[in-house]
Each structure stands twice: as structure tokens, then as C-alpha cells.
Amino acid sequence: MIRVVCSVLVGVSVFMSCNRVTPPSSGKGDGLPRSTPEAQGVATEGIVRFLEAIEDKDLEIHSFMMLRHGKVISEAWWYPYKRDITHIMHSMSKTATSTAIGFAVQENLLSVDDKVISFFPEDLPAEISPELEKLTVKHLLTMAVGMDKLPVLTRDEPNWARTILATPIKYEPGTRFHYDSNASYMLSAILEKVTGETTMAYLTPRFFEPLGIRDIQWESTPDGVTLGGGGLRLKTADMAKIGQFYLQKGKWNGQQLLPESWIEEATTAQIYQRPDRSPEANANDEGAQGYGYQLWICTHDAYRADGARGQLIVVIPEKEAVIVTTANVANIHTLLELMWEHLDAVIFPNNLNSDPMTTEMFGSRVSALELKRPSITPDELSPRKDMQQTYQMEPNTLGIEKMTFDYQPDGDCRLTLVKSNESHEFLFGWDRWRYGETTKPGPYFLSKRRTPDRLAPFTVSGYGSWTTTSDLSLCLLYMAEAHYEYYSCCFTDEGVTVRLTNTGQPDAPIELKGNRL
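Criteria and cut-off values
- Residues numbered from 1 in each chain as written.
- Predicted model: local features only at pLDDT ≥ 70, side-chain atom pairs only at ≥ 80, totals over all residues.
- Heavy atoms only, no water.
- Helix = DSSP H or I, 4+ residues; strand = E, 2+ residues; numbered from the N terminus.
- Rg over C-alpha atoms; globule rule 2.2 N^0.38 Å.
- Buried < 20%, exposed > 50% of the residue type's maximum accessible area, 1.4 Å probe, protein only.
- Lys, Arg positive; Asp, Glu negative; His and termini not counted.
- Charge placed at Lys NZ, Arg CZ, Asp CG, Glu CD.
- Expected span 1.5 Å × (residues − 1).
- Polar contact = N/O pair within 3.5 Å; in protein donor to acceptor, adjacent residues only side chain to side chain.
- Pairing = 2+ DSSP bridges.
- Phe/Tyr/Trp six-rings, centres within 6.5 Å; stacked < 30°, edge-to-face > 60°.
- Lys NZ or Arg CZ within 6 Å of the ring centre and 35° of its normal.
- Contact = heavy atoms within 4.5 Å.
- pLDDT = per-residue confidence, 0-100.
- Salt bridge = Lys/Arg side-chain N within 4 Å of Asp/Glu carboxyl O.
- Axes fitted to C-alpha atoms, helices over the stretch in contact; angles between N-to-C directions.
- Parallel < 35°, antiparallel > 145°, perpendicular 65-115°, else oblique.
- Left-handed = near helix turned anticlockwise from the far one by under 90°.
- Nonpolar A, V, L, I, M, F, W, Y, C, P; charged D, E, K, R; others polar.

(A) Spatial organisation of the overall build of the protein chain. Within the protein chain, the regular secondary structure consists of 13 helices and 24 strands. The C-alpha radius of gyration of the protein chain comes to 25 Å, within 12% of the 24 Å expected for a compact globule of 517 residues. With respect to the principal axes defined by its C-alpha atoms, the protein chain has extents near 70 × 65 × 45 Å. Burial status across the protein chain gives 55% buried among its 517 residues. Counting 50 positive and 67 negative side-chain charges, the protein chain places the averaged centre of each group 1 Å from the other.

Next up, the structure:
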């Protein structure tokens, strides 16, 4: 279960004393105005129930923000996450890419009816099929390319566009929905062709800077093209701004950045995912309400930007509300159901009277949240302190030659991994999280087989506990990527055995053995 300990703000700031090294940042600094739920017609009780339901269902949520009438009325970070840390967006990145297409259309650099092959004359296959010849920018935007077998592209593929264009298209473009991140990459590659700069560089002065979105990171392909379909890293408040921008139909601070007509087009169902099923079968399926321009249409008269494992920007136009989450959950439909049940249901047309007892209860009980702790040292055990142990490791696939465990006076553990030409140091708190940075790529990049160019250093948080007098459990959280590395260490008088696992490759544990020096 997720334990309530000490970072949700609902209109007021409440901080309690916690056993933490660094408390969550209390400064806003994101340019978004704040208000209280009741002042904007939302019942605090519903937000409380939403957070309680997340705990009851044991969902790993990292942050939550809710806006009404353009004002933040509730915001939360589950420690060790906090407001100033960026988070991987996964496929929510696609919405940023389609937004860039909107700007390019506005500037007459392209049209949604342009043929895809017209942008890649040097990368076309020797024989162009009728289906490929018909493929347009709009088909890419709406996931209606027509491929049934999609190429998996990694850092080993030097020219992604050429590989995609050579992949057979089985169905006539525009006739079938098939979710495809390669389509989003092609949009990004097209933008680079017509603008002469990357999608990220193109968006910065037109979109990111006007909205006050800074410290952006976005992965690129081996040939330098912005990934398009994933890899974007943003803060929670940045996501909320994007949602509010769409809610305001392309307007920000009184300036119309994108035409209302483009926003209407992008947020209207252009194709349906399951036309073969009856309306009754599709009625409550969040994956069958239609798809716009890299946006999903929802039930409850809403739409969403949607990234894997719960990176959500949900926009409810009729109620002038935006709901944002970052998370690591297996089924985002469960999260959406909780939003409809507990949040959408308590949004009212008029302001509400505040209930001091509810507000006080909320502030005292849910003033902060924490991720489920990986493990906890039994009361009868004490950590090792004020000592250092170094081990010469046997040859291994990771190339780790030495491991040093440096136990601090407060029970924290500093682990150093030494290779032939590099070393990496991590701090693990004793039954608590400790922040740090590293240049060592984490499980995300290993599983995706991508190169983290220009993304280091990575923010990490380490947690450690003793399960027996000779067994130390260490958990390293790569915070932006939301992936974990686990070091299960078993010590003897002569040496150590370390079992290393990670969430990117959970079925590929590595065992390391070392002799004490």
C-alpha cells in the first residue's frame, strides 16, 4: 500500500515534520495561479476520495495536479518525487509533436494532405507501393498508416525514416487505426525537413517559451531527429500548461498561438479504433472513443494526451477542468475510472462553501504522500555504521571490477561501482530516500536500446534497508524514467554476492560475486 506520511497541497500549503533529508520544494515558480477547490466549484471531499482510492488500489502515482478555470486547485507529489523534477512522458510526447505540426501548418510550411513520400526522396524504396504513395501527413497524425507489422527501431538503426518507408503497408491509409510510434517519429522527421531544425528547437520559441516551459529534455534518434513518439521529459506543471493551452483553444496569456480551428480538428475524433464493435460494446471503453491528432478521445466529453504507465493530461472542456498525473501503473484505465468517479463527479457550475473540518482533515492526514517503501529494516536490526568494505569482483558482463560499501555514521550507505575507465557512486538512505545524480544510464535506456545523448546527469534516489544481519537491500530509483535498479547483497566474512535486477529487464537478473580486500 502507498503510505500517507508527509506532499499534497489543496489550496493551502501544509507541511509536517518528517524524517527526510530534503523536504519537497514549497516554492511554486511555475507561473500558474492558485486557488482553492471550493472557490472554483470543486468539492475537496472528492479529491480526498480520489487519493484514498489510489492508496486502496495500490497504484504507484508520482504526481497529480488539477486545474479549474485556469487555476491550480490541488497538487501532489509522492515522495521522493517533487515539483522540480522532470518525468518521462512516454507517448504523451506525441501530443507535443502534433502541436508542432499545427504550427508548421499555420506557417504554410506543410499541409495535412501533403504526401509523406514528397519529404523523403532520398530515402524511398526502389519500388513505391500504391499504399505508400497515398500516405499523407494526416494519416500519420491519426495513426491510420495501414501497417500491420511495425519495425522496432533502436540505436542500432542509422536511418529510421528509410526503414519505416521500406516497411510494407497492408491496408489503404486512412481506413484502419493502428497505434504506431513510428508514425509520430515520421511527423518529427518531416518537421525537420521543412523547418531546418529539430522539433524541439522549432517548438521552443513558438510553444515552450510562451507557456514558460523550461528545462526540457527530449530524446533523439541516432541521426539527431527528435524522437517524436516518446522520450520527452517535463515537469507536472508543464503538463498542466499544455492541457490548459488546449482547453483555451490555442490561446495563452491573451495571445492566440495556434488557430482555434486547429485545436478543434486535433481534439475531434478523426478515426475510430473499433468500428467493428457495437456502440454498446464501445460505450465505456477509453480506447475506443476515437482518435484525433495524436490525442485520445475519452468518455465524459473529455480528451487526453496519453503516455504509457499513467502519464496523462485529461481535458474536460465543458467543465473547464484539466487533470494531470505522472505515474508507474500497469492499467491507465483504472486511473481514468477513478478520475471520473471521484473528480469529475464533484465539479459544479458555481462556487461552493468550504468545509473547515474537511480542509483541516485533508491538510493533517494527506499533507504528504510517499511511494511504497521497497523494504523496512526490522526493529531488532541496526545498520552497519562508520565502516568501509571493498570487494574485488569476479569477471562479469557489466565490467564491474570493484564494489565499495561505505557505511555512514547515520546508517546510510554509499555504494561505489568501479570499472576499468569509470566509477559511479550512489547514496542509499537507511529506510529513507536519498537524492543524488549519476552519469550511468539506467534500465530505461537498456530496455529501449537507446543512447542517452545530452540527458545526463540523471536524478536518482537511493533507498536501503537491512533484511538480516548479513543481507542488505538497495533500491535505486531513476526518477525521470521511473525505473528501478535493485541490489540484493549477501555478505560473508570472505566476500559478497550481489543479485542485480531492474524494472527494464525484470527477467534478466545478474549475479555478481566478490572477495573482500
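(B) Focus on helix H8 (residues 236-247). For H8, spanning 12 residues, the distance from its first C-alpha to its last is 17 Å, which sits close to the expected 16 Å at 1.5 Å a residue. Judged by how many residues are buried, H8 sits mostly within the fold: 12 of 12 residues are covered. Considered for burial, the residues of H8 that qualify are Thr236, Ala237, Asp238, Met239, Ala240, Lys241, Ile242, Gly243, Gln244, Phe245, Tyr246 and Leu247. Count one or two residues on from H8 and you reach Lys249, which has phi positive near 55°.

(C) Fine view of the side chain of Asn159. The residue Asn159 is located in the loop between helix H4 (137-141) and helix H5 (160-165) in this model. Judged by relative accessible area, Asn159 falls into the buried class, the value being 17%. Within the structure, Asn159 has its side chain in polar contact with the side chain of Asp123 (distance 3.1 Å).

(D) View of the sheet that holds strand S5 (residues 87-88). Taking strand neighbours across the sheet as the criterion, the three strands line up as S5-S7-S6 in an open arrangement whose pairing is antiparallel. Whereas interior strands pair on both sides, the edge strands pair on one side only; in this sheet they are S5 and strand S6 (217-218). Relative to strand S7 (residues 232-234), S5 runs antiparallel, the two sharing two bridges. Directly across from Ile88, in S7, lies its bridge partner Arg233.

(E) A look at the pairing of strand S18 (residues 423-430). By the bridge criterion, six bridges tie strand S17 (residues 413-418) to S18 in an arrangement that is antiparallel. Bridge pairing in S18 places Cys413 opposite Phe428. A loop of four residues connects S17 with S18, the two strands running antiparallel in sequence.

(F) A look at the packing of aromatic side chains. Counted under the stated rule, the structure contains 22 aromatic pairs. Relative to Phe491, the ring of Phe405 has its centre 5.1 Å away and its plane inclined at 80°; by these criteria the two rings are edge-to-face. Note that Phe405 is positioned in strand S16 (residues 402-407) and Phe491 in strand S22 (residues 483-491), a separation of 86 residues in sequence. No difference in accessibility class separates Phe405 from Phe491, as the two residues are buried. Across the ring face of Tyr435, the terminal group of Lys82 is positioned such that the distance to the ring centre comes to 4.3 Å.

(G) Local environment of the environment of Ala104. Turning to its location among the elements, Ala104 is positioned in helix H2 (residues 93-106). Separated by 289 residues in sequence, Ala104 and Met393 have C-alpha atoms that sit 55 Å apart. Those residues in contact with Ala104, other than ones at most four positions away along the chain, are Leu109, Leu110, Leu191 and Tyr202.

(H) Here's a closer look at the confidence of the model for the protein chain. For the protein chain, per-residue confidence averages 91 on the pLDDT scale, and 93% of positions sit at 70 or higher. Scored below 50 in pLDDT, residues 1-8 shows 47 contacts in the model against residues more than four places distant or in partner chains. Contacts from residues 11-27, a stretch scored under 50 in pLDDT, to residues over four places away or in other chains number 32 contacts.

(I) How the structure looks around the pattern of salt bridges. Summed over the entire model, instances satisfying the criterion amount to 28 salt bridges. Among the ionic pairs, Glu75 bridges to Arg34, the shortest N-O distance being 2.8 Å. Linking Glu75 in strand S4 (residues 71-79) with Arg34 in the loop between strand S2 (8-9) and helix H1 (44-56), this pair joins segments that are 41 residues apart in sequence. Accessibility expressed as a relative area gives 3% for Glu75, which makes it buried. Glu45 is paired through a salt bridge with Arg49; the nearest N and O atoms lie 3.0 Å apart. Taken together, the positions of Glu45 and Arg49, both in helix H1 and four residues apart, correspond to about one turn of that helix. On the accessibility criterion, Glu45 (48% relative accessible area) is partly exposed. Where salt bridges share partners, they join Asp30, Arg34, Glu75 and Arg83 into one cluster.

(J) Quick peek at the packing of H2 against helix H7 (residues 199-208). Running from amino to carboxyl end, H2 crosses H7 at an angle of 70°, the nearest separation of the two axes being 10 Å. Regarding the angle of H2 to H7, the classification is roughly perpendicular. The interaxial crossing formed by H2 with H7 has left-handed handedness. Judged by residue contacts, Ala96, Thr99, Ala100, Phe103 and Ala104 of H2 engage Thr199, Tyr202, Leu203, Arg206 and Phe207 from H7. Grouping the amino acids of the contact of H2 with H7 by side-chain chemistry returns seven nonpolar, two polar and one charged.

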